[in-house]
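Working through the structure, step by step
These are the residues of each chain, in order.
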Amino acid sequence: MRKILFAVLFMLPASLAAQNVSVRVMPPNRAQFLQFQRFDVRVEFTAPEGATLGDVRVTLDGRDITSTGTTTTTAANAKAWTFRSMYLGIPGDRSIAGAASTTGGTPVTGSAVSKIYVRTWRTSRNTAGTTTVSAIERAIGLKAPALADESSEIANNLHLGAISAPFHRNKADFDAPQARAKNVILFIGDGMGVAHRTAGRVLSKGYTQGKANGTMAMDRLPFNGLLMTSSMDSLITDSAPGAHNYSTGNKTNNGMEGVFPDNTAVEDDNPRIENLPEWITRNFGMVTGVVSDAFITDATPAAMIAHSQNRGNGTLIASQYIDHVDQTNLKVLLGGGSYHFIPKSQAGSRRTDERNVINDFKSAGFDFVETRAALNGYAAAPDKKLLGLFNLDNMNVAFDKLKLGDPTIVSSFPDQPYLREMTRTAIDVLKQYPNGFFLMVEGAHIDKQAHAMDAERSIYDVIQLDHAVDVALEFALQTNSDNDPDNDTLVIVSADHECAGVALPGVGNPTFKGLSARDYVKAYNYAAPRNDPSVLNFTDYVDANGDGYPDNPDAPRKLIINFGANSDRYEDWMANAKPKSPSTQVNNIAVANPGDPDRNTVGAALITGVISNGEKGSEAQTSAVHTLSDIPISAYGPGASQFSRISDNTEAFFYIVNSIIGQYPVPTQY
């Protein structure tokens, strides 16, 4: 009988399965929130074409909440139910479900459930020792468990995060107040994987007889781990959800930030998640700063303080920065990209309207600077707020600001600051605020130049970011070692993903320089006389001026930096005088750029790519791409030990929150 039933089910046409009402619930399965962290709920119902949807029903933990939200009819066969700014107080497993059926004819039904998890935090419990419930929980008759009943919550913290959730030996470890971070400084080296960091150390410090001659600032952070980086809809993330995890503790689709996906084309109506700046403003009165050397509405900075399903909508994002300034408590915003802040009619603008966002910031009390000299001369003081825009587009990279390539590249904006200067000024402004701060600093070009497979411009910007880390670490060492136990600082260095599959296969062999790009790459030094100490296979960069960067990027024995997640390109391993496009499309197929000057360089080689090139109709990729590789994360300060494990990237948000509230386990083995 079971075989007959299986055969009947197997032979049913696929069209019958499609006749059910489709139901999608956001937040998705396995989403996690802090107690009282706000998030929107959206349940979408879609019936087969030609059918008419009847009433819909939405439940929270099995109890009907349909009347508390708004139901809209988007088509005869489609409805959506929305609840804005939901928050839940009862910790543990929760469920949000939707169900609907059609009317007339033969009715069809559909349902879906999303199982989410609410994570407790110590200071959310009231003085009576119980968990406070939210308004909606109270309205539907849900009661909070007593504190004594919450011991299982500690173990439950493990089940959704699996290997990424923290280990607790007992409840005392979980609840014991630890030193808290008044300030949090998060560095995101966009696209910065392990190899990028290693290359930065080689170029900036060098090696002698197998040992590094020094360490970078990010090397000196004592607690280190790895983060997994996939987005909600792809193994390979882009920068928007890759950064969104730090600010929300949740996954989202590629191209989105601060929101979950929905089924509309409107770019600012998606279900939102309260981000870290909004949460710390509401709960602690902390302030926020955002610094990047990209255009400041780019994916990573926007993921900290904006909400949109389109990371590319710079007009919307710049407007949100000022319109939501009270919710995020934004006090410092420094970067490039003034084209999203000036009216459409002004030369160079990329806005779609005539709004002057710079003037709006000034009206909100922000000072405005647009040169390195003005930034370095800025006098921070209590209640000061600062907007700095130093380029119409992305800021130039360190390699070009140092004029190691064509000096005309920076001629349009000759006075741009370095990340260390932006970081120092941001800290000087933010530390004036008594309740502490959150500062995100992005080194954007580590990624952008890796996409372009421009080794020197990418790795020189690893060094530039490290100089900024050094500024923050100096500040943290001061706050964490003084006599004030309530002003400590947590410093974190990580990334949003790895870019380009960077590999370091060897050192340049001067014998073959300009003769053969392939033979130029020397790996093991096996052919050297065993007892001849003069034949060594290490780099020979020189930093005579002491600025931390190699004076000559093409030292005789330079580090070879290759890109494994690559499109076709020409390569001679020498630094590029100007930024270039390594690949282009010819007849809709991605090929190595015929106009690349490396093509005609003596000894250059064509390196074929491994990613789709459109030859058989796929997407034609004309640059290197992000990879799935786990990314390193390093930390120093209160709660830093939480990062010493392999975690999902969403856990970083909760580790940061734990540090701010002083609720994290003392370091344990298991």
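Note that this is a predicted model, so its numbers are computed, not measured.

Focus on the overall build of the chain
- Helices and strands together make up the secondary structure of the chain, namely 18 helices and 30 strands.
- Within the chain, the fraction of its 670 residues that count as buried is 56%.
- Restricting to contacts in the chain with at least 6 residues of sequence separation, those with at least 24 account for 71%.
- Put simply, the chain shows about 27,100 Å² of open surface, and 52% of that area lies on carbon and sulfur atoms.

Some details on the packing of helix H6 (residues 194-205) against helix H17 (residues 455-481)
- Put simply, H6 and H17 touch, their axes get as near as 9 Å, and they point 80° apart. On the basis of their axis angle, the class for H6 and H17 is roughly perpendicular. Here H6 contributes His 196, Arg 197, Ala 199, Gly 200, Leu 203 and Ser 204 to the contact with H17, which in turn contributes Ser 458, Ile 459, Tyr 460, Val 462 and Ile 463.
- Grouping the amino acids of the contact of H6 with H17 by side-chain chemistry returns 6 nonpolar, 4 polar and 1 charged.

Here's the deal with H6
- For H6, built from 12 residues, the straight-helix expectation of 16 Å at 1.5 Å per residue is met to within 8% by its first-to-last C-alpha distance of 16 Å.
- Burial in H6 covers these residues: Ala 195, His 196, Arg 197, Ala 199, Gly 200, Arg 201, Val 202, Leu 203 and Ser 204.
- A positive phi of about 80° marks Gly 206, the residue just after H6.

Regarding the pairing of strand S4 (residues 52-60)
- For S4 and strand S8 (residues 92-103), the ladder comprises 7 bridges, and the chain directions are antiparallel. From the neighbouring strand, Val 58 faces S8, where its bridge partner is Gly 98.
- Hairpin connection between S4 and strand S5 (residues 63-64): a loop of 2 residues separates the two successive antiparallel strands, and Asp 61 in this loop has a positive phi of roughly 50°.

Let's talk about the environment of Met 192
- Looking at the element boundaries, Met 192 is found in the loop between strand S10 (183-189) and H6.
- Each C-alpha atom, one on Met 192 and one on Ala 500, is 9.6 Å from the other, the two residues being 308 residues apart in sequence.
- The residues contacting Met 192, other than those within four sequence positions of it, are Arg 197, Met 218, Ile 446, Val 462, Leu 465, Val 493, Ser 494, Ala 495, His 497, Ile 631 and Pro 632.

Focus: the sheet that holds strand S16 (residues 367-369)
- The 10 strands are arranged S16-S17-S15-S14-S18-S10-S19-S29-S13-S30 in an open sheet whose pairing can be described as mixed. The outermost strands of the open sheet, each flanked by one partner alone, are S16 and strand S30 (646-648). Taken over all neighbouring pairs, the strand axes of this sheet differ in orientation by 20° on average, direction set aside.
- In terms of strand pairing, strand S13 (residues 223-228) meets S30 through 3 bridges, oriented parallel. Paired with Leu 226 across the two strands is Ile 646, which belongs to S30.

What about unusual backbone geometry?
- For the peptide bond that leads from Met 26 to Pro 27, omega is 15°, which places it in the cis range.
- Mapping Pro 27 onto the fold places it in the loop between strand S1 (22-26) and strand S2 (32-34).
- Backbone geometry places Arg 30, a non-glycine residue, at a positive phi of 75°.
- Looking at where Arg 30 falls in the secondary structure, it is placed in the loop between S1 and S2.
- For Arg 30, a relative accessible area of 58% corresponds to the exposed category.

Rules used in this analysis
- Residues numbered from 1 in each chain as written.
- Predicted model: local features only at pLDDT ≥ 70, side-chain atom pairs only at ≥ 80, totals over all residues.
- Heavy atoms only, no water.
- Helix = DSSP H or I, 4+ residues; strand = E, 2+ residues; numbered from the N terminus.
- Buried < 20%, exposed > 50% of the residue type's maximum accessible area, 1.4 Å probe, protein only.
- Contact = heavy atoms within 4.5 Å.
- Areas by Shrake-Rupley, 256 points an atom, 1.4 Å probe, with all protein chains shown as cover.
- Axes fitted to C-alpha atoms, helices over the stretch in contact; angles between N-to-C directions.
- Parallel < 35°, antiparallel > 145°, perpendicular 65-115°, else oblique.
- Nonpolar A, V, L, I, M, F, W, Y, C, P; charged D, E, K, R; others polar.
- Expected span 1.5 Å × (residues − 1).
- Pairing = 2+ DSSP bridges.

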